[in-house]
Amino acid sequence: MRGLKMDKMKQQQKPKLVIERDYSKYGFSVDVDYLYKARKGLSHEIVEEISKIKDEPKWMLEFRLKALEHFIQRPLPTWGPDLSRIPFDDLVYYLKPIDKQATSWEDLPEAIRQTFEKLGIPEAERKFLGGVGAMFDSETVYHKIREDLAKQGVIFCDTDTALKEYPELFRKYFGTVVPYNDNKFAALNSAVWSGGSFLYIPEGVHVNIPLQAYFRINAPQMGQFERTLIIAEPDSKVHYIESCTAGVYTTKSLHAAVVEIIALPGAHVRYTTLQNWADNVYNLVTKRAHAYENAIVEWLDANIGSQVTMKYPSVYLLGQGARAEILSVAFAGKGQHQDTGGKAIHLAPNTSSTITAKSVSKDGGKTNYRGLIKVLPGAINSRSFTKCDAIILDEQSVSDTIPYMEINENQVSIGHEATVGKVSDEQLFYLMSRGLTEQQALTMIVNGFFEAFTKELPMEYAVEFNRLIQLEMAGAVG
Amino acid sequence: MLVTDFLQMIKNRSEPSWLKQRRLDTFTKFSQLKMPDSKEEEWRYIDISQVNLDNVKIDGYTDISIDFGNDVIVLLMKEALNKFSDMINEHAFSLFTDADKFVSFVSSFWNNGVFVYVPKNVQAELPVTVKINNTNNPVYSLVVLDENSKLNFVEENVADKINPIVSDKINPIVSTSVTEIFVKENSKLNFFCSQILPENLYSFYYKRASVERGAEINWFLGSFGAKLSRWKVETFLKGENAKCQKYGIYAGNKNQHHDIITKTFHLVPHTSNNILVKGVLTGRASSVYRGLIRIEKNAQQTLSYMGAHTLLLSNKAKSNNIPSLEIEANDVRATHGSSVGQLEEEKLFYLMSRGLDRKLAENIIVEGFLETVLNKFTSDEVREKFRAITNERLLNA
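Computed from a predicted structure; not experimentally measured.

1. Quick look at the environment of B:His257
Residues and elements named next belong to chain B.
Okay, step 1: Note that His-257 resides in strand E13 (residues 257–266).
Okay, step 2: For His-257, a relative accessible area of 8% gives the class buried.
Okay, step 3: C-alpha of His-257 to C-alpha of Gln-300: the two residues are 43 residues apart in sequence and 37 Å apart in space.
Okay, step 4: Those residues in contact with His-257 that lie beyond four places of it in its chain are Tyr-45, Ile-46, Lys-227, Leu-228, Ser-229, Ser-286, Ser-287 and Val-288.
Okay, step 5: Separated by 2.8 Å, the side chains of His-257 and Ser-286 make a polar contact.

Structural data, given as structure tokens:
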């Protein structure tokens, strides 16, 4: 009797997972008969072909070609990680898997449907999402939003569809936050962009359940260039989540996305990224938001996987009282370089920003924090605080911290703190003296280190994040 | 300067032949190097468009006065070249194998400076005090502390011969210097340096120190004058248990620009470093503090801290802080803290509510802000001097 009770207790204590998923098997790929596959390399013809296939208005083709020109002329950045091994000439820049986007998972070709089943997307959609977009290589293959949200006027579709169906809204904001000539990879994205999410929240509407987009690279030597545009009208609220994974190959792939957010007065936008790229992906992403009066923009950015990631989500605080929260976490394992951080540009009075960065490097991995706090003249009473912590787990691994502070106004309060070091022996000893193995203790400490991030995530994603960290930590004790 | 002029110049000097040859080598390098570009990271926030080292006119010797006790050897460089030629040959510019335009300018043209040698086991009682009267002439100084010795060194940069009112916009006065410091095993050097130059000068001062096992260097820096002032202070901790501390203050007014770079390189295990730099700016003054702590792969068990704080007294003042860490070892603790802010109204109110007028209340807060740096100074005299200069510069501005 007593034994039975104990069993029951044990069962209750076992954490109940919302979604059962094998987090160690993201690296698979499936065979797909692509409808269109651009020949490798980049040229005017390919850009024109992409625009033609998409049947785009003339202004968009012109925009693409202008961007291509800039991309060709702009040198690679001279700072940061080594990008000289990106095989620009061997990449496929456009790969179209299906002809017509589905609004039901059953309508998708078997291989693609199975891919997303394995990744747990349809199940997640049923359980706790207000809408889902799923991108497979170059195109969004599935998109759906809950009816009640659609009725309130929320638009959530892929970016190509938005260009056709909401041309005025689209043109008003597209490319205004990240211009085509912002940097080399924003130029590349502007030239060959395809897919991504378009999200419009009408004035005063609060979307209380997250909307999600899933980006999947399936083919080898592939460039994925989605483009996301979020427009939050005054006093609206939304939480958008993106996840990214890819099939594992020995050849290199490139992911160069552009994300633009316009948070109009009083709007509140939270953008969460849970990236777990395969180790052969170069991930070079430009993410930027404009925040108007009293708007709040939050970037929650988790960077796991990839060969090289360069990503500094930024917020331009354009209106009085606007606020930016950037929480960036990174994990660099063997051969990986995570060059991440955040930027806040204070252009109006009474604005505030907080940047929290946490990184762990292991097995020769390299993490860099790179950030900028800029206060322009007149942005009085700006407040900003940056905190960066890095843990280096072994002798092979490395971490740099490079914070820029450009302060051109005196009525401000700007602070920055950083620490770099190892896991404290005391903490390890404490946990191990209570019966944990060194591996378990280390994993627990690292999970705790990231807690500031995980506690901000919806439960399902917090579980996923902790599992991913656990996987990355496997073999941490040599 | 043309090669022929250069050859004439070195021919006229009574210098050892190794030095003439070396000057010729570095002059070739100097002539090939371009002035730094604002695209280069270290020159990003500094406007040196008025400075062209290729046109700087050099003549005569820099006037330097020295004062010291009789237990150490201190000579003007031009004299030291006769007596200590070998030691100078061995050390000169050996820490600057990566010389840029400014350093190669100094190594080609330097004509005076200070040579300091503290023999083994000598704990110098009196400080060595050096007053350099700057002009366009570059200055090279060499400080060698032999094993188990100790020295307090005070360097003050002025430019009494320059008319502070006349400013030549085309060819402004450019004051340059390179100082190399060797702190050998178990020695300790307190190095105080300041510049109180007139505000029509540009100054570029490079200082590098090599610190060996069990040795210690403490820097105390004060940047006050000049139109544009660049300090680059670098420390190489080469032996176990080597220590470095850097304390610096700057006070800028009008259109001044103060630009301070400090770098500490932890090359071996068990070394420590502590940096605290604070500045106060008023008027349209601007500043850049660029700090780097680099911990090499095998430099385990290292402790390193860097603090950089700026107080802005006017809304036209600007400050850029870039405190970077490059950490290649894991069993270390490296931290930094940085802030930029204004005088806090709350503190002002507190003082004023006790009967102080606003001006005095502001003075007290500024003094308090800098005090955490100044109270680390091991010389009362230098501390008092820095305090007085800061007050004069900021409060009467």
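There's more to say after this.
2. Things to note about the nonpolar core
Okay, step 1: Of all hydrophobic cores here, the largest spans 117 residues; its most connected members are B:Leu151 and B:Leu189.
Okay, step 2: Apart from the residues lying within four places of it in its own chain, the contact partners of B:Leu189 are B:Val143, B:Leu145, B:Leu151, B:Phe153, B:Ile181, B:Val183, B:Glu216, B:Ile217 and B:Asn218.
Okay, step 3: Counting residues in hydrophobic clusters, the runner-up holds 49 residues, among them A:Phe28, A:Leu129, A:Ala441 and A:Ile445.

3. A look at the packing of helix H7 (residues 358–374) of chain B against helix H8 (residues 380–395) of chain B
Residue and element names in this part refer to chain B.
Okay, step 1: Relative orientation of the contacting elements H7 and H8 amounts to 140 degrees, with a least axis distance of 11 Å. Crossing handedness for the pair H7 and H8: right-handed. Touching Lys-359, Asn-363, Val-366, Glu-367, Leu-370, Glu-371 and Leu-374 of H7 are Arg-383, Phe-386, Arg-387, Thr-390, Asn-391, Leu-394 and Leu-395, all from H8.
Okay, step 2: By residue class, the composition of the contact of H7 with H8 is six nonpolar, three polar and five charged.

4. Comments concerning the packing of helix H1 (residues 3–11) of chain B against helix H2 (residues 17–32) of chain B
All names here are of chain B.
Okay, step 1: Put simply, H1 and H2 touch, their axes get as near as 10 Å, and they point 160 degrees apart. Here H1 is positioned roughly antiparallel relative to H2, judged by the angle of their axes. Of the two possible hands of crossing, H1 and H2 adopt the one that is right-handed. Here Val-3, Phe-6, Leu-7, Ile-10 and Lys-11 of H1 come into contact with H2, specifically with Lys-20, Arg-23, Leu-24 and Phe-27.
Okay, step 2: Grouping the amino acids of the contact of H1 with H2 by side-chain chemistry returns six nonpolar, no polar and three charged.

5. What about the packing of aromatic side chains?
Okay, step 1: By the definition in use, this model includes 49 aromatic pairs over all chains.
Okay, step 2: The ring of A:Tyr430 has A:Arg434 lying over it, and the distance from NZ or CZ to the ring centre is 4.0 Å.
Okay, step 3: The aromatic ring of B:Tyr61 is capped on one face by B:Lys78, whose charged end is 4.5 Å from the ring centroid.

6. As for helix H2 (residues 44–53) of chain A
Residues and elements named next belong to chain A.
Okay, step 1: Here H2 has its buried residues at Ile-46, Val-47, Ile-50 and Ser-51. Projected down its long axis, H2 carries its buried residues within an arc of 135 degrees, all on one side.
Okay, step 2: Looking at the buried residues of H2, the elements they touch are helix H3 (58–73) and helix H9 (184–192).

7. What about the pairing of strand E17 (residues 318–327) of chain B?
Residue and element names in this part refer to chain B.
Okay, step 1: The buried count for E17 comes to eight of 10 residues, which makes it a mostly enclosed element.
Okay, step 2: Taken together, the 10 bridges between strand E15 (residues 286–295) and E17 define a ladder with parallel strand orientation. Within E17, the residue paired with Val-288 across the bridge is Asn-320.

8. Things to note about the interface of chain B and chain A
Okay, step 1: Taken together, the contact between chain B and chain A spans 36 residues of the former and 31 residues of the latter.
Okay, step 2: When chain B packs against chain A, the two sides together hide about 2,600 Å² of surface, and 46% of this comes from carbon and sulfur.
Okay, step 3: Summed over the shared surface of chain B and chain A, the result is two salt bridges.
Okay, step 4: A salt bridge links B:Arg44 to A:Glu406; its shortest N-O distance comes to 3.8 Å.
Okay, step 5: In this structure, the connection of chain B to chain A is made through 18 residue pairs in polar contact (both at pLDDT 80 or more).
Okay, step 6: Secondary-structure elements contributing two or more residues to the side of chain B that touches chain A are E17 and strand E18 (333–341) of chain B.
Okay, step 7: Looking at side-chain class alone, the side of chain B that touches chain A contains 12 nonpolar, 15 polar and nine charged residues.

9. Remarks on the environment of A:Leu76
Residue and element names in this part refer to chain A.
Okay, step 1: Mapping Leu-76 onto the fold places it in the loop between H3 and strand E2 (95–96).
Okay, step 2: Taking the C-alpha atoms as reference, Leu-76 lies 9.1 Å from Asn-183; in sequence the two are 107 residues apart.
Okay, step 3: Residue contacts for Leu-76: discarding those within four places in its chain leaves Leu-83, Ser-84, Phe-88, Lys-184 and Phe-185.

10. Details of the domain arrangement of chain A
Residues and elements named next belong to chain A.
Okay, step 1: For chain A, the assigned domains read domain 1 (21–311) and domain 2 (423–478).
Okay, step 2: One C-alpha centre belongs to domain 1, the other to domain 2, and the line joining them spans 31 Å.
Okay, step 3: Contacts between the two partners involve 20 residues from domain 1, matched on the other side by 14 residues from domain 2.
Okay, step 4: Measuring nitrogen to oxygen at the nearest pair gives 2.8 Å for the salt bridge that ties Glu-456 to Arg-270.
Okay, step 5: Elements that contribute at least two residues to the side of domain 1 that touches domain 2 include exactly strand E10 (237–246), strand E13 (268–277) and strand E15 (296–305).
Okay, step 6: Top contributing element to the side of domain 1 that touches domain 2 by residue count: E13, with five residues.

Cut-off values and rules
- Residues numbered from 1 in each chain as written.
- Chains lettered and ligands numbered in written order.
- Predicted model: local features only at pLDDT ≥ 70, side-chain atom pairs only at ≥ 80, totals over all residues.
- Heavy atoms only, no water.
- Helix = DSSP H or I, 4+ residues; strand = E, 2+ residues; numbered from the N terminus.
- Buried < 20%, exposed > 50% of the residue type's maximum accessible area, 1.4 Å probe, protein only.
- Contact = heavy atoms within 4.5 Å.
- Polar contact = N/O pair within 3.5 Å; in protein donor to acceptor, adjacent residues only side chain to side chain.
- Core = buried A, V, L, I, M, F, W, Y, C linked by side-chain atoms within 4.5 Å.
- Axes fitted to C-alpha atoms, helices over the stretch in contact; angles between N-to-C directions.
- Left-handed = near helix turned anticlockwise from the far one by under 90°.
- Nonpolar A, V, L, I, M, F, W, Y, C, P; charged D, E, K, R; others polar.
- Parallel < 35°, antiparallel > 145°, perpendicular 65-115°, else oblique.
- Phe/Tyr/Trp six-rings, centres within 6.5 Å; stacked < 30°, edge-to-face > 60°.
- Lys NZ or Arg CZ within 6 Å of the ring centre and 35° of its normal.
- Arc of directions from axis to C-beta.
- Pairing = 2+ DSSP bridges.
- Buried area = accessible area lost by both parts, 1.4 Å probe.
- Salt bridge = Lys/Arg side-chain N within 4 Å of Asp/Glu carboxyl O.
- Domains from an automatic or database assignment.

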